[in-house]
Amino acid sequence: MSELPALSYLVLERLDAVVESMSRRVYSELPFYSEGDVSAVDLRRSIYGNLVPVLRSLSAAEPLDLTPARATGRERAEQNAPLPEVLRAFRIGFEELWHDLVTTARTTGIASDTSLVDAATTVWRLAGECTDALAIAYRASSTELAVQQEHRRLALLDALFSGATSDTTTLWEIAEALGTPLSGQFLVAITTAGDGPELTARLRRHGVHSTWRWQPDALTGLLSIGRSTAESGVLADLESCASGDMGVSPVFEHLRDTPRALHDARIALTTLSHRGGKVVQYDPSPLAMLVSAAPVEAERISAAVLGELLALGVHERSVLIQTLRTWCANEGSPSRTAEQLHCHANTVRYRLRRIETLTGRSLRDPQQLAELVTALSALRVTAH
């Protein structure tokens, strides 16, 4: 082994050429480096910094200084370099070093092949120490960076939801951090129970990018849906995987409108206070907005106007309410209502008269009809 220090000194004397040879091979074999993510100057500096401690350890039989290897691991993690390629770059370096040591030995006659076999154990032990130190530092740095990025993402998401920022520059920054466009088609969803990663994975399979944030009272998500994605399909996905009540905003087209959408989703969520595992989207119609914003009053209205009707059995009550809703949606036409409900027009007329009798209100009186329609809207935010 006495020949190894002499060989190491000879390699140190021609270090620039050795570094250049290693650099060329790394660039030729590894895409991350060849695509320009690491400059030629940076790569040569890194090789030089890692190679000198190895040669000094070989020449003086001193402990290997692993500081450069750890620094390289941290630096490559910050550059988002693939760890397998970084480790491969180190292995290439040691392969080139070993080749140079063997060539030098045979050219100068300093060491025999038998001595080189013994020296190989030392060289590859040092290679293992370097790559282990690099990988540990890389993983530690990657974890730290991931935590920092997640904290930043959540802080920006909080700012977006709260409306703490509205200028275009900051919104661009938020969009970039969340991986979503600044404008497009968005929804906000809020649920009392749920699993953000599960919801994210489910929606991603259907082309919807979502990011979720647990706030003190609920899990809140921003959903970015593609132009070709049907809103109804997204709602169906949410319905199928919701583990608790969920309120959803109407579609909006710019991130600056997120705070308003969150407000709408919260109002929609209040309409589910007596129901379980159901998704409801905020209804932007003026009457629906009015009753949704005051759920306690909505319950009083429905009870006052529809009291006797609501006291009926479940089946009869449901039939009469469905008939009234359909009749209102068809501009008061008994024939179109009958067609949609698959019954005779006279049946519709009978049901309407029954509603008038139970509620004490006439469908021909504008004031009383308005009360009935308001009560119907109020039902959406009550337990009935």
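Residues numbered from 1 in each chain as written. Predicted model: local features only at pLDDT ≥ 70, side-chain atom pairs only at ≥ 80, totals over all residues. Heavy atoms only, no water.

**Describing the overall build of the chain**
- From N to C terminus, the chain includes 17 helices and six strands.
- Relative to the compact-globule value of 21 Å for 384 residues, the chain shows a C-alpha radius of gyration of 35 Å, a clear excess of over 25%.
- By its C-alpha atoms, the chain is 115 × 40 × 30 Å across when sized along the principal axes.
- Within the chain, buried positions represent 47% of all 384 residues.
- The contacts of the chain with a sequence gap of at least 6 include a subset with a gap of at least 24, amounting to 70%.
- Carbon and sulfur atoms form 53% of the exposed surface of the chain, whose accessible area is close to 19200 Å².
- In the chain, which carries 37 positive and 46 negative side-chain charges, the distance between the mean positions of the two groups comes to 8 Å. (Helix = DSSP H or I, 4+ residues; strand = E, 2+ residues; numbered from the N terminus. Rg over C-alpha atoms; globule rule 2.2 N^0.38 Å. Buried < 20%, exposed > 50% of the residue type's maximum accessible area, 1.4 Å probe, protein only. Contact = heavy atoms within 4.5 Å. Areas by Shrake-Rupley, 256 points an atom, 1.4 Å probe, with all protein chains shown as cover. Lys, Arg positive; Asp, Glu negative; His and termini not counted. Charge placed at Lys NZ, Arg CZ, Asp CG, Glu CD.)

**So, the pairing of strand 1 (residues 183-191)**
- Most of strand 1 is tucked away, with eight of its nine residues classed as buried.
- Note that strand 1 and strand 5 (residues 252-254) share two bridges and pair antiparallel. Paired with Ser183 across the strands is His254, a residue of strand 5.
- Bridging between strand 1 and strand 3 (residues 219-225) involves seven bridges; their strand directions are antiparallel. Within the sheet, the bridge partner assigned to Ile190 lies in strand 3 and is Thr220.
- Note: strand 1 against strand 4 (residues 246-248), three bridges, orientation antiparallel. Its bridge partner being in strand 4, Ile190 is matched across the sheet by Gly247. (Pairing = 2+ DSSP bridges.)

**Thoughts on the packing of helix 14 (residues 314-329) against helix 16 (residues 345-359)**
- Running from N to C, helix 14 and helix 16 point in directions that differ by 105°, and their axes come no closer than 10 Å. In terms of orientation, helix 14 lies roughly perpendicular with respect to helix 16. Residues Glu316, Val319, Leu320, Thr323, Leu324 and Trp327 of helix 14 form the contact with helix 16, whose own contacting residues are Val348, Arg351, Leu352, Arg354, Ile355 and Leu358.
- Of the residues that constitute the contact of helix 14 with helix 16, the class distribution is eight nonpolar, one polar and three charged. (Axes fitted to C-alpha atoms, helices over the stretch in contact; angles between N-to-C directions. Parallel < 35°, antiparallel > 145°, perpendicular 65-115°, else oblique. Nonpolar A, V, L, I, M, F, W, Y, C, P; charged D, E, K, R; others polar.)

**Examining the pattern of salt bridges**
- Within the structure shown, the criterion is met by 22 salt bridges.
- Between Arg25 and Glu29 there is a salt bridge, with the nearest N and O atoms lying 2.7 Å from each other. Taken together, the residues Arg25 and Glu29, both in helix 2 (residues 15-29) and four residues apart, mark about one turn of the helix.
- Classification of Glu29 by relative accessible area gives partly exposed; the value is 37%. (Salt bridge = Lys/Arg side-chain N within 4 Å of Asp/Glu carboxyl O.)

**Topic: the state of the cysteines**
- Using the criterion set out here, one finds zero disulfides in the structure.
- In this structure Cys328 is a free cysteine whose sulfur lies 15 Å from that of Cys343, the closest cysteine sulfur available.
- Exposure remark for Cys343: the relative accessible area of 25% places this residue in the partly exposed category. (Disulfide = S-S within 2.5 Å.)

**Quick notes on the environment of Ser59**
- Relative to the helices and strands, Ser59 resides in helix 4 (residues 40-60).
- Along the backbone, Ser59 and Thr143 are 84 residues apart, and their C-alpha atoms lie at a distance of 36 Å.
- For Ser59, the contacting residues outside a window of four places in its chain are Pro5, Ser8 and Tyr9.

**Examining helix 7 (residues 113-162)**
- Here helix 7 contains 50 residues, and its C-alpha end-to-end distance of 72 Å stays within 8% of the 74 Å for a straight helix at 1.5 Å per residue.
- Of the residues one or two after helix 7, Gly163 is the one with positive phi, at around 80°. (Expected span 1.5 Å × (residues − 1).)

**A short note on the nonpolar core**
- Judged by nonpolar contacts, the single largest core of 48 residues is most densely connected at Tyr33 and Leu97.
- Looking at this core, the elements with two or more residues in it are helix 1 (3-13), helix 2, helix 3 (31-34), helix 4, helix 5 (67-78), helix 6 (83-108) and helix 7.
- The greatest single-element share of this core, amounting to 12 residues, is contributed by helix 6.
- Dropping the residues within four chain positions of it, Leu97 is found in contact with Val11, Met22, Leu51, Val54 and Leu55. (Core = buried A, V, L, I, M, F, W, Y, C linked by side-chain atoms within 4.5 Å.)

**Structural notes on helix 11 (residues 258-270)**
- If you check helix 11, its first and last C-alpha atoms are 19 Å apart, about what 13 residues at 1.5 Å a residue would give, namely 18 Å.
- Those residues of helix 11 lying buried are Thr258, Ala261, Leu262, Asp264, Ala265, Ile267, Ala268 and Leu269.

**As for the pairing of strand 2 (residues 208-214)**
- Relative to strand 3, strand 2 runs antiparallel, the two sharing seven bridges. Paired with Val208 across the two strands is Ile225, which belongs to strand 3.
- Counting the residues between successive antiparallel strands, the hairpin from strand 2 to strand 3 contains four residues.

**Side note on the packing of helix 2 against helix 4**
- One way to put it is that helix 2 packs onto helix 4 with a least axis distance of 9 Å and a crossing angle of 125°. By the angle between their axes, helix 2 is oblique relative to helix 4. Viewed along their axes, helix 2 and helix 4 form a crossing whose handedness is right-handed. From helix 2, Leu15, Asp16, Val18, Val19, Glu20, Met22, Ser23, Val26 and Tyr27 reach across to helix 4, where they touch Ala40, Leu43, Arg44, Ile47, Tyr48, Leu51, Val52 and Leu55.
- Its residues assigned to classes, the contact of helix 2 with helix 4 shows 13 nonpolar, one polar and three charged. (Left-handed = near helix turned anticlockwise from the far one by under 90°.)

**A word on the confidence of the model for the chain**
- In this model, the chain carries an average pLDDT of 84, and 91% of its residues clear a pLDDT of 70 or more.
- Across the chain, helix 5 holds the top mean pLDDT of 94, while helix 12 (residues 286-292) sits lowest at 61.
- Here residues 273-277 is a poorly scored stretch, pLDDT under 50, and it has 13 contacts once near neighbours within four places are set aside; other chains count. (pLDDT = per-residue confidence, 0-100.)

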